[in-house]
Amino acid sequence: MRLCLWALVLGSVVAAPAALAQAGPAEIQNATLRRAIRAYDNVDFNQALALGRQALRERLTAPERARAYELLGFVHGATSQPDSCIAAFREMILLDPDRELPRASGRINGYFQAALSQVLVVRQLQVDSAEFVAGQGYVPIRFTVTSSARVRTRAVSGTTTILIDSTITVGQVNLRWPAQLPSGEPVPAGRYAIQVEARGAGQSLFGAARQVEITQGVVDTVAHLTALPGYEYLPETEIPPQSWRPLGLAFLYTGAATAGALALQGSLDARGGALAVVAVGTLVTGFVASLRQPAPQPAEANILYNQLLREQLSRRNAEIQRENVARRQAVQIRVVPVGGGGS
Amino acid sequence: MRAGLALLGLAATTLPLPLTAQRFVIGVAGAGGDYREVSNDLRYRVSGVGAMAMFAAGRVAAEVSATGLTYTADGPNATRDFKAVQFDGYLRVLLVRGVSVEAGLTNRQVDAEFEYLAQSAAAVRLGLYSAVDLGRDAGAQVRVNYLAGARFSGGGTAPLAVDVGLGFYYGVANGRLRLTGESQFQRFNRTIDPGGVKRDVPIQQIIGKLGFAVVL
């Protein structure tokens with residue numbers, strides 16, 4: 001049993017220096033606190049505890065105070081004093097709600113989680129950058145509430161207050177803010193504080209805020225199309241291959257006329273000189289036409305294809321025109337988090 | 001004046017054809033052929049010159065031609081020569097590609113009709129006309145017209161009267177100028193009824209024309 005206890009202590013000690021290293025000795029100006037950390041690093045828990053408590057009685061900055069409580073939490077955790085450990089972590093969380101324990105043993109992490117559940121804070125409030133057309137996008141907001149509470153999220157700018165969300169919740173919260181006024185209009189440009197207020201059952205109250213800069217811009221219009229990608233107009237005429245079709249047609253027409261004349265001549269002979277001259281002329285015309293390059297003919301399929309293409313292009317451009325009308329009336333919203341949050 | 005006309009003609013034949021649905025064609029032609037009436041013994045050789053004009057717009061076309069003809073006695077029963085003027089008019093509407101329905105009239109006025117050398121004849125045309133492109137600026141056409149309500153200066157009727165025509169054109173000078181040829185076989189199965197005895201006195205004329213036309 002003793003062996004197990006020592007193993008736990010050693011495990012905590014091995015993990016703790018890394019955690020305290022994050023505190024950064026350089027950032028700690030208070031000499032007592034620095035000595036306390038050094039004592040902890042040397043596994044001199046009594047010395048670390050005494051110096052830590054002494055440092056808390058001295059003048060410390062808020063981060064130093066949070067680190068002092070963190071140190072005490074680790075010392076109590078390493079010396080198996082859970083209540084004191086949790087109490088120290090609780091103080092640390094209230095001072096610095098966003099603080100995460102760096103690499104620590106499972107047992108100390110457990111104490112830390114227990115401490116979290118005993119206080120009401122809003123942690124890790126994050127507002128992501130976003131850019132969207134008003135009404136078609138949102139600003140992602142996320143945070144964690146450590147205890148069940150009525151949580152109200154607002155955007156505040158000067159006298160303008162916009163309620164984003166109000167709910168009773170605990171744990172991770174993800175919100176989508178469309179950056180619109182209750183009337184549906186996009187929020188005016190300016191600097192906004194995204195405030196999260198959590199009110200617990202015991203009327204405990206905690207708030208966190210992040211600053212964002214909201215700017216408005218025009219929405220880019222879409223250029224009209226002169227061609228549909230992947231589709232090209234086809235030639236509307238085509239030269240058919242050379243053939244003897246003209247001569248054949250000339251034969252057909254000549255034969256029809258000659259046969260008609262012969263069939264109708266009856267008792268009177270038809271001296272066919274004049275008829276023959278024209279018939280021969282027709283045949284010669286057909287023969288010469290057969291030897292010449294054929295005249296370009298309308299390519300019906302291509303004409304239909306081009307017509308459909310033009311209709312499609314016209315329809316698409318009409319859609320673009322309608323879309324551009326809407327785009328000219330739309331507002332591009334750009335949200336950028338800026339420094340200066342707070343709890 | 002002559003120089004102006006020559007320049008106009010030159011310009012008309014050198015400019016490319018406009019791509020339009022309307023077309024106006026005028027032309028002149030020399031004619032030759034054969035005319036027979038009643039029997040093969042009453043026959044004449046025919047020669048002459050004529051002019052034509054044609055206007056086409058969309059599916060409709062109108063065409064007129066006038067030909068001055070000289071009939072030279074050729075058969076044993078033909079006693080002397082005479083002259084005539086033949087006028088043909090056509091109005092046609094395109095039915096389907098290449099085939100039109102055609103209506104019009106034909107009128108051949110003989111200058112010596114009262115000497116019983118030959119008959120003046122007139123009739124209404126009703127029939128079909130087919131034209132086909134044989135290639136670039138070349139084409140052929142054929143027509144079959146029923147000659148309805150035929151009237152003759154010597155009287156009589158022709159229950160069956162037909163006009164069969166064949167023609168071609170070959171375009172040169174960007175299609176502005178056309179060499180043209182046209183034949184016309186005209187047959188009237190004319191009958192007369194002198195003294196109550198019915199008698200066949202058919203009239204048959206074949207004319208061929210060669211000439212040129214300008215497309216405006």
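Keep in mind that this is a model prediction, so the values were computed, not measured.

**Focus: the overall build of chain A**
Each helix and strand in chain A was counted, giving 9 helices and 9 strands. Evaluated residue by residue, chain A yields a buried proportion of 40% over its 343 residues. Here the analysis covers contacts within chain A between residues at least 6 apart in sequence; of these, 68% occur between residues at least 24 apart. When the accessible surface of chain A is totalled, it reaches about 18300 Å², and 54% of it is carbon and sulfur.

**Details of the environment of Tyr40(A)**
Within the fold, Tyr40(A) resides in helix 2 (residues 31–41). Given a relative accessible area of 0%, Tyr40(A) falls into the buried group.

**Digging into the packing of helix 3 (residues 45–57) of chain A against helix 4 (residues 62–78) of chain A**
Residue and element names in this part refer to chain A. Between helix 3 and helix 4, the least distance of the axes is 9 Å, while the angle of their chain directions is 150 degrees. By the criterion of interaxial angle, the relationship of helix 3 to helix 4 is roughly antiparallel. Relative to helix 4, helix 3 is oriented so that their crossing is left-handed. For the pair helix 3 and helix 4, contact is made by Phe45, Ala48, Leu49, Gly52, Arg53 and Leu56 and by Arg65, Ala68, Tyr69, Leu71, Leu72, Val75, His76 and Ala78, respectively. Classifying every residue of the contact of helix 3 with helix 4 gives 10 nonpolar, 2 polar and 2 charged.

**Points about the interface of chain B and chain A**
With 45 residues of chain B at the contact, the number on the chain A side is 32 residues. Interface of chain B and chain A: buried area, both sides summed, is about 2900 Å²; carbon and sulfur atoms make up 66% of it. Of all residues in chain B, Leu134(B), Arg136(B) and Leu166(B) give up the largest surface area on contact with chain A, accounting jointly for 25% of the area buried on that side. Where chain B packs against chain A, one counts 0 salt bridges. Across the chain B-chain A interface, the total number found is 4 residue pairs in polar contact (both at pLDDT 80 or more). Residue assignment for the side of chain B that touches chain A shows that the elements contributing at least two residues are strand 1 (22–37), strand 2 (39–57), strand 6 (121–135), strand 7 (138–152), strand 8 (161–172), strand 9 (177–188) and strand 12 (203–215) of chain B. Broken down by element, the residue count for the side of chain B that touches chain A peaks at 9 residues, all from strand 8 of chain B.

**Concerning the confidence of the model for chain B**
Residues and elements named next belong to chain B. Of all residues in chain B, 88% attain a pLDDT of 70 or more, and the chain-wide mean is 86. Considering only residues more than four positions removed or in separate chains, one finds that residues 3–20, a stretch of pLDDT under 50, has 19 contacts. Our summary of model confidence lists the complex with pTM equal to 0.52 and ipTM equal to 0.85.

**Description of unusual backbone geometry**
Non-glycine residue Val43(A) carries a positive phi angle of around 60 degrees. Here Val43(A) shows up in the loop between helix 2 and helix 3. Looking at Val43(A), the relative accessible area reads 40%, which means it is partly exposed. Even without being glycine, Ala173(B) reaches a positive phi, approximately 55 degrees. Counting through the fold element by element, Ala173(B) comes out in the loop between strand 8 and strand 9.

**A few points about the pattern of salt bridges**
For the structure shown, the criterion picks out 22 salt bridges over all chains. Two residues, Glu319(A) and Arg316(A), come together in a salt bridge whose shortest N-O distance is 3.2 Å. Residue Glu319(A) and its partner Arg316(A) are located together in helix 9 (residues 300–329), separated by 3 residues, close to a single helical turn. Exposure remark for Glu319(A): the relative accessible area of 36% places this residue in the partly exposed category. Arg45(B) serves as the salt-bridge partner of Asp74(B), at 3.8 Å between the closest nitrogen and oxygen. Separated by 29 residues along the polypeptide, Asp74(B) in the loop between strand 3 (60–73) and strand 4 (82–96) and Arg45(B) in strand 2 bring together distant segments of the chain. Residues joined by salt bridges that share partners form a network here, namely Glu63(B), Arg92(B), Glu102(B), Arg143(B) and Glu182(B).

Scoring rules and cut-offs
Each chain carries its own residue numbering, running from 1 in the written order of its sequence. All chains are assigned letters beginning with A, and all ligands numbers beginning with 1, in the order in which they are written. Confidence filtering applies because this is a predicted model: local features only for residues at pLDDT of at least 70, side-chain atom pairs given and counted only at 80 or more, and all residues used for totals across whole chains, interfaces and linings. Only hydrogens and water are set aside; all other atoms, that is, all heavy atoms of the structure, feed into the side-chain values. Labels follow the DSSP assignment, with helices taken as runs of H or I lasting at least four residues and strands as runs of E lasting at least two, numbered in each case from the N terminus. Think of it in three bands: with a 1.4 Å probe and only protein chains considered, a residue is buried below 20% of the maximum accessible area for its type, exposed above 50%, and partly exposed in between. By definition, residues are in contact when any of their heavy atoms lie within 4.5 Å. Here the open area of atoms and residues is found with the Shrake-Rupley method and a 1.4 Å probe, where only the protein chains shown may cover a residue. Axis definition: a line fitted to C-alpha atoms, over the contacting stretch in the case of helices. Angles run 0 to 180 degrees between N-to-C directions. Orientation categories follow fixed angle ranges, with anything under 35 degrees roughly parallel, anything over 145 roughly antiparallel, 65 to 115 roughly perpendicular, and all other angles oblique. The crossing is said to be left-handed when, going from far helix to near helix, the turn is anticlockwise and less than a right angle, and right-handed when the turn is clockwise. Residue polarity is assigned by list, with Asp, Glu, Lys and Arg as charged and Ala, Val, Leu, Ile, Met, Phe, Trp, Tyr, Cys and Pro as nonpolar; anything else, Gly included, falls into the polar class. Note on terms: buried area is the combined drop in 1.4 Å-probe accessible area of two parts once they are placed together, counting the loss on both. The working definition used for a salt bridge is a side-chain nitrogen of Lys or Arg within 4 Å of a carboxyl oxygen of Asp or Glu. Residues adjacent in sequence count toward polar contacts only when both atoms are side-chain atoms; beyond that, a polar contact is any pair of N or O atoms within 3.5 Å, and within protein one must be able to donate a hydrogen and the other to accept it. Per residue, pLDDT measures the predictor's confidence, with a range of 0 to 100.

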